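# Descriptive structure summary
Below, each chain spelled out in residue letters.
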Amino acid sequence: MTTEDFVVLPTGAPSGCCVDSSGFERPEESHWPRCKLLLSCGARREPCWLRLPLPSPPSHNPTATEHPPCTSNAPPSSGKTSTPTQAAATSTDSPAAEQQGGSSTPAASKDVSSAAASPSTSAATCTTSSSSSSSSGTSSCAVSSDEGFLDFLSLEKIETAVNDVESLELFLVNVQPKLVRALPLKGLRAALPALFGNECAIADFFQRIFPYICQLALLIESEWPEQKLPVLKSGIDASITWTRKQASILVANAFFSCFTGISSFFSLSVALQNPHTATLMGVLHYFHRICDIPPEGALTIHRQCIPVAQIPHWADLTLTLSEIKMLHKAGIEDQIGAIRADFANRMIGGGVLRGGCAQEEILFGILSPELISTILVCDPMESNEAIIFSGPERFSTYTGYSRAVQWIGDYQDKSPSTTKIVAYDALMHPMAAQYTREMIDRELMKVYVALFDPQSAAHNAPFATGNWGCGEFGGDQELKLIIQWIAASATGRDVLYTYWGDVKFIDTFNEWLTALKELRPQLTIKDLYSACVAVCAPIWEDAKKNTEPADGKYTTVFTMVLDYFRPSRCSIS
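Quick summary incoming for the structure in this document. (Residues numbered from 1 in each chain as written. Predicted model: local features only at pLDDT ≥ 70, side-chain atom pairs only at ≥ 80, totals over all residues. Heavy atoms only, no water.)

### Points about the overall build of the protein
- The helix and strand inventory of the protein stands at 14 helices and 17 strands.
- Residues counted as buried form 58% of the 573 residues belonging to the protein.
- Accessible surface, the protein: about 22,400 Å² in total, of which carbon and sulfur atoms supply 53%. (Helix = DSSP H or I, 4+ residues; strand = E, 2+ residues; numbered from the N terminus. Buried < 20%, exposed > 50% of the residue type's maximum accessible area, 1.4 Å probe, protein only. Areas by Shrake-Rupley, 256 points an atom, 1.4 Å probe, with all protein chains shown as cover.)

Below, the structure written as structure tokens:
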């Protein structure tokens, strides 16, 4: 294999700002939280390979299949400092997602085309929406295992060398002396009895489950003999389908930190605090379950990219708004049959391997740990992109949120094959600029891309969501609800809005909705969008006059929208 088949990208970032493929400016990006050789910023990234941690060189190159990029027709960013940027957002409870910039040295790269024709075969499949001669829909990048915590050969020894936490600590020190500073594994010591209950069950973990995780990790050589894993690039509408067993193999390798630059499970094992322990318990329970009953079926990761020119003109849509229902103390994950929201970071997964404890980290770390495998293959999302997961299984239940999150117990998912989760990232800390038309349009586009399905039936599945982009992200709760409602209506989906906070917000919403329907019985997308833009514009104008920007936390958008429709106003055309 020639050096042209692998492109290693620099980890540094250019100074100043860059503009994503949708035309939205974002700030300087200097580091990545995961694979630090993975990707460079923006749509100008060159193709690269992700090399799996195997001991032997690959035998041959895959055949090339080229696809066109998903182009964007958005106007260039104005570059004004008052406009918010689409940063890689995580909550303050999960360390901020680091991001990388820089450019690669271009080199010829091949698309990954599996020899397998179906998800039941051993190799993962990659598909894109169309083909031409411009660029590939999937790519990969080189990752050297010798920079990780454990290399491939160490996995062959650890199975027989470890029979309890003490022997695991000793093995890690012998294999990787730099791990001394990460010991002892206090988090693992706390998680095992909490998860398994007694010494016999813990002994069973080291005698049966831990060796199974080792054997699972070693299967990576047979599942991907070419040592290449496809990566879904920004700006390209493409998808990857692999078996859920293959997903478990990747999670097992991540568990042993075989991938360079990916946040380590050892960080979860070391920390003796709630979010880390809850995530670790969720992952260990996942391995316990699949050790007894191997996973079946397929997991599909679809990067949906819609050109900005194809996004609806909201002010022209005369479709009637869909139904919206408020659900108090109900989880998004409990809405069976609905498309479920993942309040994602721009780089999916967020801080799941670093003790993060927001909605996305709970989804990846506790509910469906097999989604951790997707972190390896997903390029950061641009403003006109979303990532859709089809087929992940839920394994656990939990309680609480943020630092109070706790793993509770097992969950039996009756129909994982029908599960669809959409990951879409909100603006991070937009402050008062979230009330500009540009930013409202950006958020509408993001939700629309997540929910759009050209092949769906006339009666689309409802959309289960909640306080997307609020809390630590700093979004206006009422504005974000209206935005999600408008976008869901444009795709023909009813909204199931889950809410865990004070019931006062639900009462306020229900009163607002009743009054709104009385004022406008046949309320359309055009009506609500026009009202929203009109009432939000003065907030932005007032904020620009102040020395300290308003954060919008107490803005009553609901009230202003009702005032907009009062009979005292001129009728809306």
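Let's pick the thread back up.
### Details of the packing of helix H10 (residues 437-451) against helix H11 (residues 477-490)
- Between H10 and H11, the shortest axis-to-axis distance is 8 Å and the interhelical angle comes to 45 degrees. Considering the angle they form, H10 stands oblique to H11. The hand of the H10/H11 crossing is right-handed. Contact residues: Ile440, Glu443, Leu444, Val447, Tyr448 and Leu451 in H10; Leu479, Lys480, Ile483, Gln484, Ile486, Ala487, Ala488 and Ala490 in H11.
- Residues belonging to the contact of H10 with H11 are distributed by class as follows: eleven nonpolar, one polar and two charged. (Axes fitted to C-alpha atoms, helices over the stretch in contact; angles between N-to-C directions. Parallel < 35°, antiparallel > 145°, perpendicular 65-115°, else oblique. Left-handed = near helix turned anticlockwise from the far one by under 90°. Contact = heavy atoms within 4.5 Å. Nonpolar A, V, L, I, M, F, W, Y, C, P; charged D, E, K, R; others polar.)

### Examining the packing of aromatic side chains
- A complete count under the given rule lists 23 aromatic pairs for this structure.
- Aromatic pair phenylalanine 210 and phenylalanine 256: ring centres 5.7 Å apart, planes at 85 degrees, arrangement edge-to-face. Note that phenylalanine 210 is positioned in helix H4 (residues 199-218) and phenylalanine 256 in the loop between helix H6 (244-255) and helix H7 (265-270), a separation of 46 residues in sequence. Accessibility classification places phenylalanine 210 together with phenylalanine 256 in one group, the buried group.
- Consider the rings of tryptophan 485 and tryptophan 512, whose centres lie 6.2 Å apart with planes at 75 degrees: the pair is edge-to-face. (Phe/Tyr/Trp six-rings, centres within 6.5 Å; stacked < 30°, edge-to-face > 60°.)

### Description of the pattern of salt bridges
- Throughout the structure, instances matching the rule amount to 20 salt bridges.
- Between lysine 420 and aspartate 453 there is a salt bridge, with its nearest N and O atoms 3.8 Å apart. Here the residue lysine 420 occupies a position in strand E15 (residues 420-425), and aspartate 453 occupies one in the loop between H10 and strand E16 (463-465), the gap between them amounting to 33 residues.
- Lysine 420 sits in the partly exposed class, given a relative accessible area of 28%.
- By relative accessible area, aspartate 453 is classed as partly exposed at 26%. (Salt bridge = Lys/Arg side-chain N within 4 Å of Asp/Glu carboxyl O.)

### Considerations on H10
- Between the first and last C-alpha of H10 there are 21 Å, a value that for 15 residues agrees with the 21 Å anticipated at 1.5 Å per step.
- Summarising burial for H10: twelve of the 15 residues are buried, a large majority.
- Every buried residue of H10 is accounted for by Met439, Ile440, Arg442, Glu443, Leu444, Met445, Lys446, Val447, Tyr448, Val449, Ala450 and Leu451. (Expected span 1.5 Å × (residues − 1).)

### What about the packing of helix H3 (residues 186-196) against helix H8 (residues 274-292)?
- With their axes 9 Å apart at the nearest point, H3 and H8 run at an angle of 55 degrees to one another. By the angle between their axes, H3 is oblique relative to H8. Seen from above, H3 lies across H8 with right-handed handedness. Residues Gly187, Leu188, Ala191, Leu192, Ala194, Leu195 and Phe196 of H3 touch H8, and the partners they reach there are Thr277, Leu280, Met281, Leu284, His285 and His288.
- For the contact of H3 with H8, the residue count by class is nine nonpolar, four polar and no charged.

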